[in-house]
Amino acid sequence: MDTRDAGAAVVAPDGASASSEKDGSIVSLRLLATSDLHGHVRAFDYAAGRPKPGRGLEAAAELVAQLRREAANSLLFDAGDFLFGSELTDPVGGPDADAPAAQVQPHPMVAAMNALDFDAVALGNHDFDFGTAPLRAALRAARFPVLASNLYTMRDPASGATLSQQAALLTRKLTDRAGASHVVRIGVLAFLPRALLSQTAQRYPDVADLALCEVAQVAALRVARLRARGADLVVALCHDGLRDRTASEAGGPLWLARHGGVDAIVMGHEHGVFPRPQARRPCESPVAGVDADAGLLAGVPAVMPGSQGQHVGRIDLEIARDAAGSWRVVSRHVATLSTAGLGGRPHPPARGRVLQDLTATAHARACAIAARPIANLPQCASTYLARLGRCPLTMLVARVMARTVAERMPGHASAPVIGLAAPFRSGGLGGPENFVAIPEGPLSLGHLNDIFPFPDRICAVEVTGAELWDWVERTAAGFRRIEAHGGPQPLVEPAMPGSDFHLSPDLSITLDLSRPARFTPAGAAVPGQPGRVIDLVLRGRRVALDGRFVLALTEYRAGGGGAFPGCAPDRLRWTSEISVRAALERSAGACMSGALYEPGVKLHVPEGAVPLFTTGPGAIGDAAALRAARLEAVWPAGSDWLECRLTGDAPPLEFGSAGAYLSPREVGAGRHLANPVRSGRKQP
């Protein structure tokens, strides 16, 4: 069966629908999916210490139960990153775990998935975050196939079991419209892009020993083998998304839809929602072969169900036998459904009660750990304005990382240390709810998972001043070019995720957004472009091209993730023994100050332009921050987002030409020291 080139939302292969409808043997099959649960079993906000409806597998379970009741035949899948990433699950394993928590078995998420009767689950890159030992321990209790079709793995020396399966063939009795039963075999594959494990492999030798081949090398072979074993349908669980993908790029979901011979795709990794209406994707450029309204990739039904149980993906297929007796898809409908308002009830439905009972011990421990205060916020702090260069939480992470490197790294005294961090939850594909907001008062351990959700350690990379200018140019790709013709223009480049937009309390950055970017959102250099950075000042002194600096970065970034200048495994100077979150726990209080609330970026736009900044509607709750950034909130009709006009000639915005001020790359090393500095600071 092959519907790869079908362009319409309903497909009726020749000879299939007429005869099948006549004998009533059309079978409806509902595919349900979650992804990127990251250990969020409960509908609970550990930072706030209260239930949070619409979050966690508990919320998804209510919706899944409803969707199952509506369908005669259904299957439930997950596209990976399910084990780690929450207060409930991370103590089960990892370098910062307390010893008693490491004994919790079965793993809370595995126990919950067993209870919900998942049919198959993919491995994601963050399931390897603590190495293969905690992963193997967690998966021993799984009563569902755990898949990684492009992973060749050694056997567990203790049990002899492999880490995962390469494929699963599910044999199910499905009921047709007339009530008759048919045996249908559904093949399931799961793909994990090789590049996603590169940084984890640097941390854990056992992960480095895993043989992970490119998806494009094995996809067709795996599908062919499943077909040879009798698979009537093939579903691909792809822990990858559509960001920065092109139709010709091998191995991604779009490539898989075009060339893989699969019948349905479940995507993950990006924490995005697909399909998604236009109201949830402002300023997003169309991609050939991608129908974000219908949920089709080159005609193949595909879904990406967000993260943390906030959405459930649904692919409804109708299949019928063709003239040769093979099952073929005759129609499909794709949707992502929100779990808003579900879960977190004091008297939950049956499945929710089961999940709460299964995780009672781990939940009590997580609540106690999350409540511990580590610092005090002088005022509300959020990520709503992070893509505008204002984010005290991101600045705090950067400052703590710089402090850790300065205190612990030997021999760094000859070069200044600069901390750089990015806001992980700042909208983007995660939608208008994908932000962090913490009220004035105590900052607790429970907030750390929202601020920095990954177990990366802190690394140091030494760069030249020229590389630092390029580093900031790479971040400047997070803004769109603002044209001189005037009129409303989007400010933020949606193709660049917030996780690549770096801020530093150590740097004062001035950008001219009338100029084209020197890098693409994916990090590729654009030849012939002088760049947007017209001023780069470190603690009152302009950064010289021939200077030397130490960057305090996350392990992922320092190892080359995201294609940032000067970052690669062979450029690492030092790696901490503790994680970023552990460093935040130890040093957040000492690093907190009102200066973190100041803008880290100054933007120049042409006279007469009307820059538009899009953020989550929750930003309305921080009126003081909107006023300080000179933002005037408007509500576009039909949009789920809050749109703001930048008004007034005040930080972070300045109107008028900055053309007279040249960057060092335009005037040559050394000559830039004689040029005026836009910030008004004296030259060194």
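Per chain, residues are indexed from 1 in the order of the written sequence. The predicted nature of this model means local features are confined to residues of pLDDT at least 70 and side-chain atom pairs, given and counted, to a pLDDT of 80 or more, with totals for whole chains, interfaces and linings taken over all residues. Each side-chain value is worked out from all heavy atoms of the structure, with water and hydrogens disregarded.

Turning next to the environment of Val-300. Looking at the secondary structure, you find Val-300 in strand β16 (residues 300-305). Taking C-alpha positions, Val-300 is 5.9 Å from Ala-257, a pair spaced 43 residues apart along the chain. Numbering of helices and strands runs from the N terminus, with a helix taken as a DSSP run of H or I at least four residues long and a strand as a DSSP run of E at least two residues long.

Now for the packing of helix α3 (residues 108-115) against helix α9 (residues 350-358). Structural elements are reduced to axes, namely lines fitted to C-alpha atoms, with helices fitted over the stretch in contact, and the angle between N-to-C directions of any two is expressed from 0 to 180 degrees. Interaxial distance between α3 and α9 falls to 10 Å at its minimum, and their mutual angle equals 155 degrees. In terms of their interaxial angle, α3 and α9 are classed as roughly antiparallel. Where α3 crosses over α9, the handedness of that crossing is right-handed. Only Arg-351, Val-354, Leu-355 and Leu-358 of α9 make contact with α3, whose side of the interface consists of Ala-111, Ala-112 and Ala-115. Classification used: nonpolar for Ala, Val, Leu, Ile, Met, Phe, Trp, Tyr, Cys and Pro, charged for Asp, Glu, Lys and Arg, polar for all others including Gly. Its residues assigned to classes, the contact of α3 with α9 comprises six nonpolar, no polar and one charged. Roughly parallel here means an angle under 35 degrees, roughly antiparallel means over 145, roughly perpendicular means 65 to 115, and every remaining angle is called oblique. Crossings are assigned a handedness: left-handed for a near helix turned anticlockwise from the far helix by less than a right angle, right-handed for a clockwise turn. It only takes one pair of heavy atoms within 4.5 Å for two residues to be counted as in contact.

Here the focus is the packing of helix α2 (residues 56-70) against α9. At a minimum axis separation of 9 Å, α2 and α9 run at an interaxial angle of 150 degrees. When the axis of α2 is compared with that of α9, the two are roughly antiparallel. Viewed along their axes, α2 and α9 form a crossing whose handedness is right-handed. Where α2 abuts α9, its residues Leu-57, Glu-58, Ala-61 and Arg-68 lie against Arg-351, Gly-352, Leu-355 and Gln-356. Taken together, the residues that form the contact of α2 with α9 break down as three nonpolar, two polar and three charged.

In this section: the sheet that holds strand β6 (residues 146-147). If you trace the six strands from one edge of the open sheet to the other, you get β6-β5-β4-β1-β17-β18, paired in mixed fashion. This sheet does not close on itself; its edge strands, each paired only once, are β6 and β18 (327-338). Where strand β5 (residues 120-122) meets β6, two bridges bridge the pair, whose relative direction is parallel. Pairing of Val-121 across the sheet is with Val-146, part of β6. Strand pairing is assigned whenever DSSP identifies at least 2 bridges connecting the two strands.

Two strands in a sheet stick together by hydrogen bonds in their backbones, pointing the same way (parallel) or opposite ways (antiparallel). Ordered in space as β21-β29-β24-β30, the four strands form an open sheet in which the pairing is mixed. Two strands in the sheet have a free side with no partner beyond their single neighbour: β21 (417-419) and β30 (572-579). Across this sheet, the average inter-strand angle for adjacent strands is 25 degrees, counted without regard to direction. Taken strand by strand, helix α13 (residues 465-476) contacts β21, β24 (457-464) and β29 (548-554), and its axis lies near 120 degrees from that of β24.

A few words on the environment of Ala-350. Its location among the elements puts Ala-350 in helix α9. Burial status follows relative accessibility: with a 1.4 Å probe on protein chains alone, a residue under 20% of its type maximum counts as buried, one over 50% as exposed, and anything between as partly exposed. A relative accessible area of 48% places Ala-350 in the partly exposed class. The spacing of Ala-350 and Ala-61 is 289 residues in sequence and 9.9 Å in space, taken between C-alpha atoms.

Working definition: rings of Phe, Tyr and Trp (its six-membered ring) pair if their centres are within 6.5 Å, and the pair is stacked with planes under 30 degrees apart, edge-to-face with planes over 60 apart, and tilted otherwise. Evaluation of the coordinates by the stated rule reveals eight aromatic pairs. Taken together, a centroid distance of 5.2 Å and an interplanar angle of 85 degrees make the contact between Phe-424 and Phe-452 edge-to-face. Note that Phe-424 is positioned in the loop between β21 and β22 (437-438) and Phe-452 in the loop between α12 (445-451) and β24, a separation of 28 residues in sequence. The class of Phe-452 is buried, set by a relative accessible area of 2%. Pairwise contacts between aromatic rings join Tyr-384, Phe-435 and Trp-641 into one cluster. Definition used: whenever NZ (Lys) or CZ (Arg) falls within 6 Å of the ring centre and also within 35 degrees of the ring normal, the charge is taken to sit over that ring. The residue whose ring lies beneath Arg-474 is Phe-564, and the NZ or CZ to ring-centre distance is 4.4 Å.

As a further point, take the pattern of salt bridges. We define a salt bridge as a contact between a side-chain nitrogen of Lys or Arg and a carboxyl oxygen of Asp or Glu at a distance within 4 Å. For the structure on display, the rule yields 25 salt bridges. The shortest N-O distance in the salt bridge between Arg-403 and Glu-407 comes to 3.2 Å. Placement of both Arg-403 and Glu-407 in helix α11 (residues 392-408) is noted, with a separation of four residues, approximately one turn of the helix. A residue is classified by how much of its surface remains accessible, and Glu-407, at 53% relative accessible area, is exposed. Here Arg-425 makes a salt bridge to Asp-450, at a shortest N to O gap of 3.0 Å. Taken together, the residues span a long stretch of sequence, with Arg-425 in the loop between β21 and β22 and Asp-450 in helix α12 at a distance of 25 residues. Take Arg-425: its relative accessible area is 15%, and that puts it in the buried class.

Note that soluble globular proteins tend to have their nonpolar side chains buried in a common cluster. Within the largest apolar cluster, 95 residues are counted, with the highest numbers of intra-cluster contacts made by Leu-443 and Leu-468. Counting residues per element, this core draws most heavily on α11, which supplies nine residues. When near neighbours in sequence (up to four residues on either side) are disregarded, Leu-443 contacts Arg-372, Pro-373, Ile-374, Ala-375, Asn-376, Leu-377, Leu-396, Ile-438, Ile-451, Ala-588 and Met-592. Listed in part, the 49 residues of the second largest apolar core include Ala-61, Leu-76, Phe-84 and Leu-123. What is meant by a nonpolar core is a set of buried Ala, Val, Leu, Ile, Met, Phe, Trp, Tyr and Cys residues, joined one to another through side-chain atoms within 4.5 Å.

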